[in-house]
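Chain and residue survey
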Amino acid sequence: MKELVPSPPPIVRNQFESICELFAKNVVPSYGRFDLALSHGTGSYVFDVDGKRYLDLGGGIAVNCLGHAHPAILEVLMEQSRKLMHVSNLYYTEPQGRLAAEIVKRLGAGKAFFANSGAEANEGLFKTARKFGHDEGRYEILTATHSFHGRTLAGIAATGQDKVKKGFEPMMPGFRHIPYNDLAAARNALSPATVAILIEGVQGEGGITPATPEYLLGLRQLCDEKKLLLFMDAVQDGHFRTGAYQSFQRILEKIPGGGKFLPDGVSMAKSLGGGFPIGAFWLRGPYADLLGPGTHATTFGGTPLACAVALKIFEVIENESLANHARKLGDWMLNELQRLGERYPTVIKNARGLGFMLGLELAEKEKIPALAGSEKSAAIQFTNRMQVAGVLVIPAGNQTIRLLPSLNLKPQEAGEGISKIEEVVKSLA
């Protein structure tokens, strides 16, 4: 591993200011970046250009499911690159067919389409819904408040957060937002134009809020009754992050009738490629052929290289039982976060989540004197303090931080992360 991921030589260290200058002059300033310039990583750790080490509990926002510089990924990248990196989707390639089969095997009878990102995967679901309802004049998709579905024009129209829409009005028509986990609201919101409902099994950007079993089962029944498509955005909460392949499988695993639940379409990305860009959506059997030749396409989706990496990730996760590992260690971490909430109620309001998709909701900023005087949100300030302590976490909204570590996070690393979180919480109490 040391040979594959060498430490940068001294000459490139201490270059933070010059890197920031490069960005200021040449990179579109659409991100509010933290004051960190990262250099390299190995396992669950990353290093900045000054050589400081950070425990990465953000995982590239749920992307690095096998951590950084995993030898299996490095090996398959080199092996497949020697054979075939890219060809047009005008031709067949074995890795894409095999990857589609792996997805179908874990979800159910249907078919998969490959793209480059989660936003593109959701675009595929939007187009499927439009195609499904076109002849009847139905085109409207209901999505949830506090949801997040991407940064395309359709994606921000679908997203139930006003902050992503500002400056891009008028919104693309065809989307309305309904309260999450409120089945009655979904039924009352239906109109003659409604064709589909799209939700996340666990809202990620919205603050790590899982769907209730009753909500999922009720939406399935409602969609069957009204001839609507039920879609799930599993870009962040999918691919074993919750301790099951998909979050709805974890949520419904002990619920009567839960084993029969199946959405009509699922979008995915992030952990699917473990850091290599790839997205996909799966469509249930009755709707798998709605997008026929000429209706949907991509240049870079499903390349042999991307699919080979995704296949290797499936193999490693299965061989090392990482789904069960994420479930058990994630449950331990959640219990520890809840313990901190009981011990420091003036700082922590709530802890929740499933597997390695955990959220720590902070008290209102005004109630935490050390944070109250800043214009920055409580979540941003807490994230900054965690970085000083040597841990990377991800803010969600104004009050919640997310823990989205690699699925192969080690128990001692989880313990280190909890210890550092407690140090920061204690300093604010």
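Description of the structure in this document. Model, not experiment: these values are computed from the prediction. Just so you know, the residues in each chain are numbered from 1, in the order the chain's sequence is written. Confidence filtering applies because this is a predicted model: local features only for residues at pLDDT of at least 70, side-chain atom pairs given and counted only at 80 or more, and all residues used for totals across whole chains, interfaces and linings. Excluded from the side-chain calculation are hydrogens and water; included are all heavy atoms of the structure.

**Considerations on the sheet that holds strand β5 (residues 140–144)**
Strand order across the open sheet formed by seven strands is β4-β12-β11-β10-β7-β5-β6, with mixed pairing between neighbours. Every interior strand has two partners, whereas the edge strands, β4 (110–115) and β6 (175–178), have only one. Strand-to-strand twist across the sheet, computed as the mean angle between neighbouring axes with direction ignored, equals 20°. Taken strand by strand, helix α5 (residues 118–133) contacts β4, β5, β6, β7 (194–199), β10 (229–233), β11 (265–268) and β12 (279–284), and its axis lies near 175° from that of β10. Contacts between residues were defined by any pair of non-hydrogen atoms, one from each residue, lying within 4.5 Å. Helix axes are fitted to C-alpha atoms over the stretch in contact, other axes to C-alpha atoms as well, and angles between N-to-C directions run from 0 to 180 degrees. By the criteria applied, helices consist of DSSP H or I runs no shorter than four residues and strands consist of E runs no shorter than two, each listed in order from the N terminus. Docked against the sheet, helix α8 (residues 213–226) engages β6, β7, β10 and β12, running at close to 165° with respect to β7. Two strands qualify as a pair provided DSSP detects at least 2 bridges between them.

**Remarks on a nonpolar patch on the surface**
What makes a patch is a set of residues exposed beyond 30% relative accessible area and free of salt bridges, joined within 9 Å when like-charged and within 5 Å when nonpolar (Val, Leu, Ile, Met, Phe, Trp, Tyr). Where accessible areas are quoted, they stem from the Shrake-Rupley method and a 1.4 Å probe; at the residue level, only the protein chains shown are allowed to cover. For salt bridges, the criterion is a side-chain nitrogen of Lys or Arg within 4 Å of an Asp or Glu carboxyl oxygen. A surface patch of nonpolar side chains, amounting to about 250 Å² of accessible area, comprises Leu-22, Phe-23 and Val-27. One can find Leu-22 in helix α1 (residues 16–26). Buried means the residue's accessible area, taken with a 1.4 Å probe over protein chains only, is under 20% of the maximum for its type, while exposed means over 50%, and partly exposed covers the values in between. Using a relative accessible area of 53% as the deciding quantity, one classes Leu-22 as exposed.

**Observations regarding the packing of aromatic side chains**
In this description, a pair of aromatic rings is defined by centroid distance and the angle of the planes. Here the aromatic set is Phe, Tyr and Trp, taking the six-membered ring for Trp, and pairing holds for ring centres within 6.5 Å; pairs whose planes are under 30 degrees apart are stacked, those over 60 apart are edge-to-face, and all others are tilted. Taken as a whole and assessed by the stated rule, the structure comprises eight aromatic pairs. Judged by centre distance (5.2 Å) and plane angle (25°), the rings of Phe-113 and Phe-281 are stacked. Of this pair, Phe-113 sits in strand β4 while Phe-281 sits in strand β12, placing them 168 residues apart in sequence. Using a relative accessible area of 22% as the deciding quantity, one classes Phe-113 as partly exposed. Aromatic side chains Phe-126 and Phe-175 sit 5.0 Å apart centroid to centroid with 70° between the ring planes, which places their arrangement in the edge-to-face category.

**A closer look at the nonpolar core**
The set of buried Ala, Val, Leu, Ile, Met, Phe, Trp, Tyr and Cys residues whose side-chain atoms join them within 4.5 Å is what this entry labels a nonpolar core. The biggest cluster of nonpolar side chains holds 96 residues, and the ones touching the most others in it are Leu-99, Ile-103, Ile-197, Leu-216, Met-268, Phe-382 and Ile-421. If you tally residues by element for this core, the top one is helix α10 (residues 304–319), at ten residues. Discounting chain neighbours no more than four positions away, the residues touching Ile-421 are Leu-337, Leu-340, Leu-360, Phe-382, Met-386 and Leu-403. Counting 18 residues, the second-largest nonpolar core is a separate cluster that includes Leu-125, Phe-126, Leu-229 and Tyr-287.

**Regarding the environment of His-149**
Structurally, His-149 can be placed in the loop between β5 and α6 (153–158). Distance in space between the C-alpha atoms of His-149 and Ala-119 is 6.5 Å, their sequence separation being 30 residues. The contacts of His-149, once residues within four sequence positions are left out, are Ala-119, Asn-122, Thr-143, Gly-155, Ala-158, Thr-159, Leu-198, Glu-200 and Asp-233. Counting of polar contacts relies on pairs of N or O atoms within 3.5 Å, with two restrictions inside protein: one atom must be capable of donating a hydrogen and the other of accepting it, and residues adjacent in sequence are counted only when both atoms are side-chain atoms. A distance of 2.8 Å separates polar atoms of two side chains, one belonging to His-149 and the other to Asp-233.

**Notes on the pairing of strand β1 (residues 38–42)**
As defined by bridge partners, β1 adjoins strand β2 (residues 45–48) across four bridges and the pair is classed as antiparallel. Bridged to Thr-42 within β2 is Tyr-45. Hairpin connection between β1 and β2: a loop of two residues separates the two successive antiparallel strands, and Gly-43 in this loop has a positive phi of roughly 60°.

**Thoughts on the pattern of salt bridges**
Think of it this way: side chains of opposite charge can pair up when their charged atoms draw near. Under the definition given, this model contains 24 salt bridges. Here Glu-361 makes a salt bridge to Lys-349, at a shortest N to O gap of 3.9 Å. On the criterion of sequence distance, the pair formed by Glu-361 in strand β14 (residues 357–362) and Lys-349 in strand β13 (residues 348–354) is long-range, its members being twelve residues apart. Glu-361 gets classed as buried once you look at its relative accessible area, which sits at 15%. One salt-bridge network, in which partners are shared between bridges, spans Lys-349, Arg-352, Glu-361, Glu-364 and Lys-367.

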